[in-house]
Amino acid sequence: MTMFVNCAKLAEHQSRVEVWQTDELALAKRMSTRAEPVGIGGWLALLVVWMVVLRPVAGVYMLNQLQAGSLADPIIIENSSWLINTSTFWIIFLFVAALSIYGGLRLWRDRSPAAVTTAIVIQWIYSPVAAVDLLIAREFLEGQVTWPNAVTTVGINLAIAAVWTAYLKRSRRVRKTYFEQPACQGT
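All values reported here derive from a predicted model rather than from experimental measurement. Every chain is numbered independently, its residues counted from 1 as its sequence is written. The model is predicted, so local features are restricted to residues of pLDDT at least 70 and side-chain atom pairs to those at 80 or more, both for listing and for counting; the totals for chains, interfaces and linings are taken over all residues. Side-chain numbers come from the whole structure's heavy atoms, not from hydrogens or water.

Details of the pattern of salt bridges
Note the cut-off: We define a salt bridge as a side-chain nitrogen of Lys or Arg found within 4 Å of a carboxyl oxygen belonging to Asp or Glu. Buried, partly exposed and exposed residues are distinguished by accessible area as a fraction of the type maximum, computed with a 1.4 Å probe on protein chains only: under 20%, between the cut-offs, and over 50%, respectively.
On inspection of all chains with the given rule, the structure shows four salt bridges. Of the charged contacts in the structure, one is a salt bridge between Glu180 and Arg175, with a shortest N-O distance of 3.0 Å. For Glu180, a relative accessible area of 38% gives the class partly exposed. For Arg175, a relative accessible area of 32% corresponds to the partly exposed category. Note that Glu180 and Lys176 form a salt bridge whose closest N and O atoms lie 3.2 Å from each other. Exposure remark for Lys176: the relative accessible area of 28% places this residue in the partly exposed category. Put simply, Arg175, Lys176 and Glu180 are held in one network by salt bridges that share partners.

Here is the structure:
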């Protein structure tokens, strides 16, 4: 009799394990068919805002702050070297800012792999060029840039470009949005 009871308990236990395993498999299947993120959102939205708004505005603010101190001196304003140099800083910065805005808008509007490649290339152009431009402007306008400060500034900007590049190359959202597009219907 005890043998029969033990067998019944064993069968009941095995039945519970099978039900538990079935529930786990169903849960895993539901989780695997869950929709992955697609479209502009999350970190991708932050990158677009970073490229279109935050970085250009921050650069304009920094160049303006650097230039504000020297604008108070009327003698310096009449110096042709000062005018040429400050104009050059602004032209270089506005060029790379326009590139950044273009790359961000392209990510936002264009759902092709070329938009991602463009954004990566622009990150690697903007980061070092804008950093060096601001460092040269600081040296010229304030005369106070040390090598460790310059290396740190350029290094941070290159690290930012590397982080965004890694994100654009590895993100599931980026992959789904730009690389795994459904075939066009009706063609």
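Comments concerning the layout of surface pockets
Selection criterion: In the cavity and pocket records, a cavity denotes points on a 1 Å grid over the protein atoms alone where a 1.4 Å probe fits but cannot get out, a pocket denotes an open set with protein on both sides within 12 Å along at least 5 of 7 lines, and lining residues are residues with an atom within 4 Å of a point. Grid points are joined across faces, edges and corners, and a volume is the space filled by probe spheres set on the points. Segments assigned H or I by DSSP are reported as helices when at least four residues long, segments assigned E as strands when at least two residues long, and all are numbered from the N terminus. Residues are sorted three ways: Asp, Glu, Lys and Arg are charged, Ala, Val, Leu, Ile, Met, Phe, Trp, Tyr, Cys and Pro are nonpolar, and all the rest, Gly among them, are polar.
The space that makes up the largest pocket amounts to roughly 380 Å³. As for the largest pocket, its lining consists of 18 residues, and the residues nearest its centre are Met62, Ala131, Leu134, Thr153 and Asn157. Elements supplying a minimum of two residues to the lining of the largest pocket: α2 (42–71), α5 (113–142) and α6 (147–170). Of the residues assigned to the lining of the largest pocket, the class counts are 11 nonpolar, four polar and three charged.

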